[in-house]
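# Tertiary structure, described
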Amino acid sequence: MLKHISAVLFDLDGTLVDSGLNFQALRAKLGWPTNVDLLTYLANLPCPDERAAAEQVIHEFEMAGAASSVWMPGAKALLELLVERGLATGIVTRNTRAAFELCKNRLAIPALEVISREDAPAKPDPEGLLMLAARFSVSPANTIYVGDYLYDLQAAKAAGMRSCLYDPKRSATFSDQADMTIRHFDELSSLVLAGY
């Protein structure tokens, strides 16, 4: 599966790290409908003052999550292996740069290229994935994107990349949309070692 792969890109929250983010609780705190995409709903708020207030609530929520984040099992070892093997490795996240930096400092995340939501439209828009592939000078067809949510799979498909769903509980209802699914990062490590 990983033959001819030149780059491995990752989502952050729910994939590489667990920040314990409860998005339903955040929607309830904001008084927003339970099924809306937070960033899309935020962008469409007509009142600038309401939007600014909501942005602050979301910022505090993300920063609190980053401050308590922990590695997903096997994620740090996988990143270190990819860097050691010379594969271009980066992160495309819907998080802010500030939340990522806090998480990076807390967990000693290796120095990787990162696209945050300040850099490109949020997933499922593929622009961030394509930006990072271009930065690495690799073809999207030779890139795999690893994430835990439907938006990750949709972004990868729209970017012309292969998708890998991280689904440790095998509970995702959208797993059929992934090119491959793993329950633990050791599985991806084994595929890398088997020869990319």
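So, a few notes on the structure that sits alongside this text. All figures in this text were calculated on a predicted structure; none of them were measured in a lab.

### Some words on the pairing of strand β7 (residues 162-166)
Each regular strand displays side chains that alternate between the two surfaces of the sheet. Across the five residues that make up β7, a large majority, four, are buried. Examined bridge by bridge, strand β6 (residues 143-147) and β7 share four bridges and lie parallel to one another. Looking at the pairing, V146 lines up with C164 of β7. What joins β6 to β7 is helix α7 (residues 150-159), and the crossover it makes is right-handed. Taken together, the three bridges between β7 and strand β8 (residues 180-182) define a ladder with parallel strand orientation. Looking at β8, one finds that Y166 is bridged to I182.

### So, the packing of helix α1 (residues 23-30) against helix α3 (residues 48-67)
Helix packing geometry: the angle between the two helix axes and the distance between the axes. In contact at an axis separation of 11 Å, α1 and α3 are set at 150° when each is read in the N-to-C sense. Taken together, α1 and α3 sit at an angle that is classed as roughly antiparallel. Handedness of the crossing formed by α1 with α3: right-handed. Judged by residue contacts, F23, L26, K29 and L30 of α1 engage A54, V57, I58 and F61 from α3. Along the lines of polarity and charge, the residues of the contact of α1 with α3 split into seven nonpolar, no polar and one charged.

### Quick notes on α7
Turning to α7, its buried residues number three or more, namely Y151, D152, L153, A155, A156 and A159. Each element contacted by the buried residues of α7 is listed here: α6 (127-136), β6 and β7.

### Examining the side chain of D11
With respect to the element layout, D11 can be found in the loop between β1 (7-10) and β2 (17-18). Contact partners of D11, with chain neighbours within four places excluded, come to L16, I91, V92, T93, K123, Y145, V146, G147, D148 and D152.

### Things to note about the sheet that holds β8
Overall, parallel pairing links the six strands, which are arranged β5-β4-β1-β6-β7-β8 in an open sheet. Every interior strand has two partners, whereas the edge strands, β5 (113-115) and β8, have only one. Across the sheet, the mean angle separating the axes of adjacent strands is 25° when strand polarity is ignored. Lying over the sheet, helix α4 (residues 75-84) contacts β1 and β4 (88-92), oriented at roughly 155° with respect to β1.

### Describing the pattern of salt bridges
Within the structure shown, the criterion is met by six salt bridges. With a shortest N-O distance of 2.8 Å, R117 and E62 are connected by a salt bridge. Placement of R117 in the loop between β5 and α6 and of E62 in helix α3 is noted, with a sequence separation of 55 residues between them. Among the residues examined, R117 registers a relative accessible area of 24% and is labelled partly exposed.

### Description of the packing of α3 against helix α5 (residues 97-107)
One way to put it is that α3 packs onto α5 with a least axis distance of 8 Å and a crossing angle of 10°. If you check the angle between α3 and α5, you find them roughly parallel. Across the interface between the two elements, H59, E62, M63, A66 and A67 of α3 pack against A98, A99, L102, C103 and R106 of α5. Residues that form the contact of α3 with α5 fall into these classes: seven nonpolar, one polar and two charged.

What counts, and where the lines are drawn
Residues numbered from 1 in each chain as written. Predicted model: local features only at pLDDT ≥ 70, side-chain atom pairs only at ≥ 80, totals over all residues. Heavy atoms only, no water. Buried < 20%, exposed > 50% of the residue type's maximum accessible area, 1.4 Å probe, protein only. Helix = DSSP H or I, 4+ residues; strand = E, 2+ residues; numbered from the N terminus. Pairing = 2+ DSSP bridges. Right-handed = clockwise from strand over helix to strand, strands pointing away. Axes fitted to C-alpha atoms, helices over the stretch in contact; angles between N-to-C directions. Parallel < 35°, antiparallel > 145°, perpendicular 65-115°, else oblique. Left-handed = near helix turned anticlockwise from the far one by under 90°. Contact = heavy atoms within 4.5 Å. Nonpolar A, V, L, I, M, F, W, Y, C, P; charged D, E, K, R; others polar. Salt bridge = Lys/Arg side-chain N within 4 Å of Asp/Glu carboxyl O.

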